[in-house]
Amino acid sequence: MTEELELQPNEPLSVKVERHRAVYLAAVNGEGGADMDQEANARMEIIRHAPSDQDERDQKLLYIAGYLIASKGSLNPEEMELLLSGSISLSGH
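Residues numbered from 1 in each chain as written. Predicted model: local features only at pLDDT ≥ 70, side-chain atom pairs only at ≥ 80, totals over all residues. Heavy atoms only, no water.

1. Brief notes about the overall build of the protein
What the protein contains, in helices and strands, is four helices and zero strands. Sequence-ordered secondary structure for the protein, helices as α and strands as β, is α-α-α-α. Sorting the 93 residues of the protein into buried and exposed places 32% on the buried side. In the protein, 56% of the contacts between residues at least 6 apart in sequence involve partners at least 24 apart. On the protein, roughly 5,900 Å² of surface is accessible, and the fraction owed to carbon and sulfur atoms is 54%. (Helix = DSSP H or I, 4+ residues; strand = E, 2+ residues; numbered from the N terminus. Buried < 20%, exposed > 50% of the residue type's maximum accessible area, 1.4 Å probe, protein only. Contact = heavy atoms within 4.5 Å. Areas by Shrake-Rupley, 256 points an atom, 1.4 Å probe, with all protein chains shown as cover.)

2. Thoughts on the packing of aromatic side chains
Across all of its chains, the model carries one aromatic pair by this definition. Between Y24 and Y67 the ring centres are 5.6 Å apart and the planes differ by 85°, which places this aromatic pair in the edge-to-face class. Of this pair, Y24 sits in helix α1 (residues 13–29) while Y67 sits in helix α3 (residues 54–71); the two residues are 43 residues apart in sequence, bridging distant segments of the chain. The pair Y24 / Y67 is uniform in exposure class, with both members buried. (Phe/Tyr/Trp six-rings, centres within 6.5 Å; stacked < 30°, edge-to-face > 60°.)

3. Here we look at the environment of E78
Relative to the helices and strands, E78 is located in helix α4 (residues 77–88). C-alpha separation for the pair E78 and M44, spaced 34 residues apart in sequence, amounts to 9.8 Å. When sequence neighbours within four positions are dropped, the list of residues in contact with E78 reads M44 and R48.

4. Some details on the pattern of salt bridges
Following the criterion strictly, the structure yields five salt bridges and no others. Of the charged contacts in the structure, one is a salt bridge between R19 and E11, with a shortest N-O distance of 2.6 Å. The class of R19 is buried, set by a relative accessible area of 6%. Salt-bridge contacts for R57 lead to D58; the nearest nitrogen and oxygen are separated by 3.8 Å. Salt bridges sharing common partners tie together E39, R43 and E79. (Salt bridge = Lys/Arg side-chain N within 4 Å of Asp/Glu carboxyl O.)

From the geometry alone we can't say anything about function, so treat these as descriptive.
Written as structure tokens, this is what we have:
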């Protein structure tokens, strides 16, 4: 499982979201050797993702909000700071 989920530079947000979703479900269900550290790493890739436009920024924030609601989790202070700072500005603007 981990070999097909290897990180690539400049991946689209959709790829990062799919990776996080797969790792999260595998970790929660105890499948494929995934653990919550892998989930946290995949989640951080989404948080660090620099949106290319307003729509992608909104998709990123919507995914994170949905994840938090579904998981009944929360972001740690570093994740929250990165999410807020990265969501204010758009890459290339």
